[in-house]
Each structure stands twice: as C-alpha cells, then as structure tokens.
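In case you want the letters, here they are:
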Amino acid sequence: MTLASLLIDQITYLDDWDVRDREHSLSFAGATAALEACPLHVPVTDGARADVQLVKDSISSVVHVVPVMGFSMYHSLSRAEELNSLVSALATIAALESVLLDACGDLLA
C-alpha cells in the first residue's frame, strides 16, 4: 500500500471529522446560548423575591443540557483519540515510505 493510497483513504475520514467538528461547535454554541437565555439571578437584598417557576425552569434547563454536553464531549474525545491513533499510524507509514524511497534512490544511483 502506497502513501498516496493511504492518504486518499484518509481524506474521507478527515472530511467527516471536519463535519463533526462543525456540528460539535454548533452544539456547544446552542447549549451556551440556551444557558445564557435562562439566567439565574440570586437576589442579595432584604425583601427580594424570586419567581419560583422561573427559577425551577432555569434549573431544569441546566439539568437537561449538562448531560447532553457531557455525552457530546465524551463522544468527541473518543473520536479525537481515534483520529490521533490513525494520524500516528499514517506518520509511521509515511516515514517507512520515505526510507524505502531513499533506499530505491540509492539502488538506482
């Protein structure tokens, strides 16, 4: 298997990684926007009152968003580790290919 064929095979994985990275970024941006849209302001003055339903809804929103973000981060980390392993293997093969090309050049000289 040549370096060129390995790179061609890996291009689809790299394209897929780019799409997943964009989706992941949009997911985090959406989660951040949702969390910012539900601020929880704790009053610190005497006699302050809070809308109990608003506080309950804000906490409920956070409780639902955090596990999703955790799963997304875990999935992304898993994919990153897989990609790191593939890139490492590709680098090893590229180095071997370079050594073999040098050896061929020496034989032809």
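Anyway, here's the lowdown on the structure attached to this text. Just so you know, these numbers come straight off a predicted model, no measurement behind them.

1. Focus on empty space enclosed by the protein
Then, in step 1: As enumerated under the stated definition, the model contains one cavity of 30 Å³ or more in all.
Then, in step 2: Quantified by volume, the largest cavity comes out at close to 60 Å³.
Then, in step 3: Among the secondary structure elements, those contributing two or more residues to the lining of the largest cavity are α1 (3–37) and α2 (52–108).
Then, in step 4: Across the lining of the largest cavity, the residue classes break down as four nonpolar, no polar and two charged.

2. Digging into the environment of H64
Then, in step 1: Relative to the elements of secondary structure, H64 occurs in helix α2.
Then, in step 2: Distance in space between the C-alpha atoms of H64 and L3 is 46 Å, their sequence separation being 61 residues.
Then, in step 3: Here the side chain of H64 touches S60 through a polar contact of 2.6 Å, landing on its backbone oxygen.

3. Considering the environment of I59
Then, in step 1: Its location among the elements puts I59 in helix α2.
Then, in step 2: Under the relative-accessibility criterion, I59 is labelled partly exposed at 43%.
Then, in step 3: Along the chain, I59 and L35 lie 24 residues apart, while their C-alpha atoms are 9.8 Å from each other.

4. Brief notes about α2
Then, in step 1: Taking 1.5 Å as the rise per residue, α2 with 57 residues should run 84 Å; its terminal C-alpha atoms sit 83 Å apart, in good agreement.
Then, in step 2: The inward-facing, buried residues of α2 contact α1.

5. Concerning the packing of α1 against α2
Then, in step 1: Remark: α1 packs on α2, axes separated minimally by 10 Å, with the N-to-C direction vectors making an angle of 160°. The angle between the axes of α1 and α2 places the two elements in the roughly antiparallel class. Classified by chirality, the crossing of α2 by α1 is left-handed.

6. A closer look at the layout of surface pockets
Then, in step 1: Of the pockets and cavities examined, the largest pocket occupies roughly 190 Å³.
Then, in step 2: W17, R20, D21, E23, H24, S72, H75, S76 and R79 together form the lining of the largest pocket.
Then, in step 3: Elements represented by at least two residues in the lining of the largest pocket include exactly α1 and α2.
Then, in step 4: Ranked by residues supplied to the lining of the largest pocket, first place goes to α1 with five residues.
Then, in step 5: A per-class count over the lining of the largest pocket returns one nonpolar, four polar and four charged.

Rules and cut-offs
Residues numbered from 1 in each chain as written. Predicted model: local features only at pLDDT ≥ 70, side-chain atom pairs only at ≥ 80, totals over all residues. Heavy atoms only, no water. 1 Å grid on protein atoms, 1.4 Å probe; cavity = no way out; pocket = protein on both sides within 12 Å on 5 of 7 lines; lining within 4 Å. Points joined across faces, edges and corners; volume = space filled by probe spheres on them. Helix = DSSP H or I, 4+ residues; strand = E, 2+ residues; numbered from the N terminus. Nonpolar A, V, L, I, M, F, W, Y, C, P; charged D, E, K, R; others polar. Polar contact = N/O pair within 3.5 Å; in protein donor to acceptor, adjacent residues only side chain to side chain. Buried < 20%, exposed > 50% of the residue type's maximum accessible area, 1.4 Å probe, protein only. Expected span 1.5 Å × (residues − 1). Contact = heavy atoms within 4.5 Å. Axes fitted to C-alpha atoms, helices over the stretch in contact; angles between N-to-C directions. Parallel < 35°, antiparallel > 145°, perpendicular 65-115°, else oblique. Left-handed = near helix turned anticlockwise from the far one by under 90°.

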